[in-house]
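Fold and geometry: a report
Single-letter residue listing:
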Amino acid sequence: MNRIFFDVTNLRSYLESGRRLSGIQRVVIMLVAYTAKYVGAKHVFLSFYDYKTSSYNAISYTELEKYGDILSPDTLISLLNKKPRVKTRPTLERYAQQPLKLKIHTAIRNFNSFINNHNHFQRRSCSIKEWKASENIKSDTLHHHHKASSIVDFYNYAQKGDDLIIADASWSMSLDPIKKAQRYGVSCHFLIHDLIQIKAPELISGMHQSQIFYDWLLETSHVASSYLANSKYTAFELEEFLEAHSCIQKVHITPLATAPIPKITNANCSNPAAELSIKYGLYPHLITSTIIDDKILNLLKYPYVLCVGTMETRKNMWGLFQAWDKLRHYGDIDLPKLVFAGNPGWLNQDFENAVNATKNLYGWIEIVQSPSDTELDFLYRNCLFTAMPSLYEGWGLPVGESLSYGKTAVVSNVSSLPEVGGDLVLYCDPRSINSITSAVHRMLSEDGLRQSLENRIQSAALRGWDAVAKDIVDVVTDTI
């Protein structure tokens, strides 16, 4: 069969910044991994534009497999960059080439670890446990780096009839490398996640971002062999856009997965828990104490509801805050805590101001900034249910993740979210504080409601990433 290339230009830039994965980046990695499982690793490649060399490069999936799990950001960082990175302790990456600053900031971290200042590490997307676990890392140790010869020039390697899938948030990059690939006879396919920049520009940060996306999307119509959309809702909006611009192009609906946070297996990663002799069945939470930060472990003290997602305005965190503020005055329920978990976002000042003014709503709210995959898995497993009162979503990955853990949710009744939640969740109007409050109150007060939804989840046929990969491969290989 022809080879399949996944463009990971944006993912590469994202990982270089040191941030933990969020929705779209995780989707891209899962698609690559499961497509390789479906068609065979030898047929799958990653491609990316290197801004430093102005070259469009590729690396085979089989080469990636030799050096670790592709689901591990460390593996990708190491292999998608020609220049090896100096390995440092967490939060000190920027000082890798500055010995004096590295020494000073190591001392600062050690002091904050000693006095148990969790906020110091949380602001840097780390935890005290991660810092202590990294104590034996030597600052002059290099990440294992793949030989540059494994990275090849895309245009010298790709052949007529091959397929290139652009599934990343790549609308900020030039389409010139994709256009050139098309001229070489490569079929180019775009997976569109949402049209929020066009449909709801008030929820986007940046004066020109919406116009950039608009121009990019229109330009793709001259390059695309096919379009894929992650939901019926996104497909409808995309078809509407294309029709408005007299573009005749088929849009294939490819819903994303309803699956848990992936487990990473990497021989190069040390796990302090692996060295312990623990009776897992008898002491189920003991193993987590070796890998989960104390602040997160302490959430088990009381029941909690979980809200996962980048902390940005469209997630409607302010609306959920207001609902919890009302609920804490209700006398007929045992109100759980509300936990927000995600990377820092934008245009969220109303929520941040409310949290600061009330000191985390007088203790009813906890914020877990930039949780690791292990921590996110832990949070899902131990929550009562989840909440996602978003104002707009192209899909709604956290809803699917919640269902995969057997947890129901309070979810917005807008955009694509009913496609993800089906009849397994409780819906609300995200523009109405009363509606959000009522839905959460029902979940907490109605006898048997939450259990009934959880029972329904247990018998539901949830969609896995293998099915998503199969659908995408079927589309791109059938496109003429």
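Rules behind the numbers
- Residues numbered from 1 in each chain as written.
- Predicted model: local features only at pLDDT ≥ 70, side-chain atom pairs only at ≥ 80, totals over all residues.
- Heavy atoms only, no water.
- Helix = DSSP H or I, 4+ residues; strand = E, 2+ residues; numbered from the N terminus.
- Buried < 20%, exposed > 50% of the residue type's maximum accessible area, 1.4 Å probe, protein only.
- Contact = heavy atoms within 4.5 Å.
- Areas by Shrake-Rupley, 256 points an atom, 1.4 Å probe, with all protein chains shown as cover.
- Pairing = 2+ DSSP bridges.
- Right-handed = clockwise from strand over helix to strand, strands pointing away.
- Phe/Tyr/Trp six-rings, centres within 6.5 Å; stacked < 30°, edge-to-face > 60°.
- pLDDT = per-residue confidence, 0-100.
- Axes fitted to C-alpha atoms, helices over the stretch in contact; angles between N-to-C directions.
- Parallel < 35°, antiparallel > 145°, perpendicular 65-115°, else oblique.
- Salt bridge = Lys/Arg side-chain N within 4 Å of Asp/Glu carboxyl O.
- Expected span 1.5 Å × (residues − 1).

A count of helical and extended segments in the protein chain gives 22 helices and 14 strands. Residues counted as buried form 54% of the 480 residues belonging to the protein chain. Contacts spanning at least 24 positions in sequence make up 72% of the contacts within the protein chain whose residues lie at least 6 apart. Here the protein chain displays about 22,200 Å² of accessible surface, and carbon together with sulfur accounts for 51% of that area.

Take the pairing of strand 13 (residues 409–412) next. Looking at chain direction, strand 12 (residues 386–388) and strand 13 are connected through three bridges and run parallel. Within strand 13, the position partnered with Thr-386 by the bridge is Ala-409. A crossover links strand 12 with its parallel partner strand 13, the connecting element being helix 18 (residues 397–404), and its sense is right-handed. Of the pairings in the sheet, the one linking strand 13 to strand 14 (residues 426–428) comprises three bridges and is parallel in character. Its bridge partner lying in strand 14, Val-411 is registered against Tyr-427.

Attention now goes to the packing of aromatic side chains. Applying the stated rule across the entire model yields 17 aromatic pairs. On the basis of an interplanar angle of 85° and a centroid distance of 5.4 Å, the ring pair of Phe-154 and Tyr-155 is categorised as edge-to-face. Judged by relative accessible area, which is 11%, Tyr-155 ranks as buried. Each ring, one from Phe-190 and one from Trp-216, has its centre 5.8 Å from the other, and the planes form 75°; the classification is edge-to-face. With Phe-190 in strand 6 (residues 187–192) and Trp-216 in helix 11 (residues 209–220), the pair connects residues that are 26 residues apart, well separated along the chain. Among the residues examined, Phe-190 registers a relative accessible area of 0% and is labelled buried. A residue is classified by how much of its surface remains accessible, and Trp-216, at 7% relative accessible area, is buried. Here the aromatic cluster, defined as three or more aromatic residues joined through ring pairs, consists of Phe-5, Phe-45, Tyr-56, Phe-154, Tyr-155, Tyr-157 and Tyr-184.

When the pLDDT values of the protein chain are averaged, the result is 88; 87% of them are 70 or greater. Long-range and interchain partners of residues 139–148, a stretch whose pLDDT sits below 50, account for 23 contacts in this model, where long-range means more than four residues apart. When the criterion is pLDDT under 50, residues 266–275 qualifies, and its contacts beyond four places in sequence or with other chains add up to eleven contacts.

Attention shifts here to the environment of Val-368. Looking at where Val-368 falls in the secondary structure, it is placed in strand 11 (residues 365–369). Residue classification places Val-368 among the buried positions, given a relative accessible area of 6%. Spatially, the C-alpha atoms of Val-368 and Ile-296 are 7.6 Å apart, while their sequence positions differ by 72 residues.

This next bit is on the packing of helix 2 (residues 23–39) against helix 22 (residues 465–478). For the pair helix 2 and helix 22, the least separation of the axes is 8 Å and the interaxial angle reads 75°. The angle between helix 2 and helix 22 falls in the class roughly perpendicular. Here helix 2 contributes Val-27, Met-30, Leu-31, Tyr-34, Thr-35, Tyr-38 and Val-39 to the contact with helix 22, which in turn contributes Trp-465, Asp-466, Val-468, Ala-469, Lys-470, Ile-472, Val-473 and Asp-474.

What follows deals with unusual backbone geometry. Even without glycine at this site, Asn-360 takes up a positive phi of about 60°. Take Asn-360: it is sitting in helix 16 (residues 359–362). What makes Asn-360 partly exposed here is its relative accessible area of 25%. Of note, the phi angle at Leu-361 is positive, near 50°, even though the residue is not glycine. The exposure class assigned to Leu-361 is buried, which follows from its relative accessible area of 0%.

This part takes up the pattern of salt bridges. Pairing of side chains with opposite charge becomes possible as their charged atoms draw close. Across all of its chains, the model carries 16 salt bridges by this definition. Arg-26 is paired through a salt bridge with Asp-373; the nearest N and O atoms lie 3.0 Å apart. On the criterion of sequence distance, the pair formed by Arg-26 in helix 2 and Asp-373 in helix 17 (residues 373–382) is long-range, its members being 347 residues apart. This pair shows no difference in class: Arg-26 is buried, exactly as Asp-373 is. Linked through salt bridges whose partners overlap, the residues forming this network are Glu-312, Arg-314, Lys-315 and Glu-393.

Here we come to the environment of Asn-348. Structurally, Asn-348 can be placed in the loop between strand 10 (337–342) and helix 15 (349–357). By relative accessible area, which is 3% here, Asn-348 ends up buried. Not counting residues within four places of it along the chain, the set of residues in contact with Asn-348 comprises Met-311, Glu-312, Thr-313 and Met-317.

Further remarks concern helix 2. Here helix 2 contains 17 residues, and its C-alpha end-to-end distance of 24 Å stays within 8% of the 24 Å for a straight helix at 1.5 Å per residue. The buried fraction of helix 2 amounts to twelve of the 17 residues, a majority that puts the element mostly inside the structure. Those residues of helix 2 lying buried are Gln-25, Arg-26, Val-27, Val-28, Ile-29, Met-30, Leu-31, Val-32, Ala-33, Thr-35, Ala-36 and Val-39. Just past helix 2, the residue Gly-40 takes up positive phi, approximately 100°.

Reading across the sheet, the eight strands line up as 4-3-2-1-5-6-7-8 and stay open at both edges, with mixed pairing between neighbours. The sheet is open, and its two borders are formed by strand 4 (152–153) and strand 8 (251–253), each paired with just one other strand. The sheet contact formed by strand 1 (residues 4–7) and strand 5 (residues 163–166) spans three bridges and is parallel. Paired with Phe-6 across the strands is Ile-165, a residue of strand 5. The sheet strands contacting helix 1 (residues 9–16) are strand 1, strand 2 (44–50) and strand 3 (55–60), and the helix crosses strand 2 at an angle near 70°. Across the sheet, helix 2 lies against strand 1, strand 2 and strand 6, angled at about 145° from strand 2, the strand it touches most.

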